[in-house]
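A structural walkthrough
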Amino acid sequence: MRPQISFEFFPPRNVEGTFRLWDAVQVLSPLDPRFVSVTYGAGGTTRDLTRDVVATLHKHSGLPTAAHLTCVDATRAETLEIAQGFAAAGVSDIVALRGDPPKGADKFEPHTDGFANSVELIEALADTGDFNIRVGAYPDIHPEAANAQADIDWLKRKLDAGASEALTQFFFEADTFLRFRDACAKAGIDKQIIPGILPIENWKGARNFAKRCGTHIPAWVDDAFVKAARDGREDLLATAICTELCSELLDEGVENLHFYTLNRPELTRDVCFALGVTPKTKLENVA
């Protein structure tokens, strides 16, 4: 079965990054994604860049584009003004997140006049009637959650507040997602939960990121990348691991995959090709 796919990009910080982003879009857009999303930096640091990239992608790429939006370091009015700016640009898809604390802060502290959490943000966006809202989900326990059930209960609150579906944090083993999906169904969650997939371009970076966000790192993955590094075969290993992970998910009835591209498209493209997701050629381009 050919899965439906989506891609996440992040806004560039310099000219080199701009070229890298547009190269990534050009490589991956022929794969006909359901949508692409553009992230917000920690603490809202790329708020303006996200707005500009989302508007440009929507206008010039022809891709359905979703904007990340967080509650960090902004009043309610400021946050909703940003959202309405997306709507005015023709962007009606938002990935609504609480957001990470600003750099140097130990934990999230809501703005005095801001949204206290993601549920309040989702409710306000839903009340406008202008947006299709997606939210985050955590197959591994979120670092700030008391336990796994607390994560599921919070996800249900977000979906009940007006979100249409959830995108998960990345994980390394299919069973992690499948157990989470079963637990969500048991809790009465009937909206779609889409697994987030991270093709591993750099194991050291991915490992550090996994530690920060509470993602379980299986020993066999760690060992495999250590051995692959000795032979210069990290890319082959990364493609194989990611393809196998996605294949296992598809075999278990998963229909959609959301790829965290890190603006480096080649590995994501190769995995998609291995899964049977190939460029769609328009009839007029066929000789």
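Please refer to the structure higher up on the page.
Now for a quick tour of the structure.

What counts, and where the lines are drawn
- Residues numbered from 1 in each chain as written.
- Predicted model: local features only at pLDDT ≥ 70, side-chain atom pairs only at ≥ 80, totals over all residues.
- Heavy atoms only, no water.
- Helix = DSSP H or I, 4+ residues; strand = E, 2+ residues; numbered from the N terminus.
- Buried < 20%, exposed > 50% of the residue type's maximum accessible area, 1.4 Å probe, protein only.
- Polar contact = N/O pair within 3.5 Å; in protein donor to acceptor, adjacent residues only side chain to side chain.
- Contact = heavy atoms within 4.5 Å.
- Salt bridge = Lys/Arg side-chain N within 4 Å of Asp/Glu carboxyl O.

With respect to the element layout, E165 can be found in strand β6 (residues 165-170). The class of E165 is buried, set by a relative accessible area of 6%. Here the side chain of E165 touches R134 through a polar contact of 2.6 Å, side chain to side chain. Within the structure, the side chain of E165 is placed 3.3 Å from the side chain of Q192, a separation counted as a polar contact. Residues contacting E165, with those up to four places away along its chain left out, are R34, F35, I133, R134, V135, L159, Q192 and I194.

What the rule picks out here adds up to 9 salt bridges. Between K156 and D160 there is a salt bridge whose closest N-O contact spans 2.9 Å. Pair noted here: K156 and D160 are both in helix α5 (residues 148-160), with a separation of 4 residues, about one helical turn. Note on D160: relative accessible area 56%, which makes it exposed. In this structure, D270 and R269 form a salt bridge, with 3.2 Å as the shortest nitrogen-oxygen distance. Its relative accessible area of 31% is what places D270 among the partly exposed residues. For R269, a relative accessible area of 25% puts it in the partly exposed group. The network of salt bridges with shared partners includes R34, D93, R134 and E165.

It is worth spelling out unusual backbone geometry at this point. Residue D32 is not a glycine yet carries a positive backbone phi of 60 degrees. Looking at the element boundaries, D32 is found in the loop between α1 (15-28) and β2 (36-38). With a relative accessible area of 41%, D32 lands in the partly exposed category. The backbone of L262 sits at a positive phi, close to 55 degrees, despite the residue not being glycine. Residue placement: L262 occurs in the loop between β8 (256-260) and α10 (265-274).

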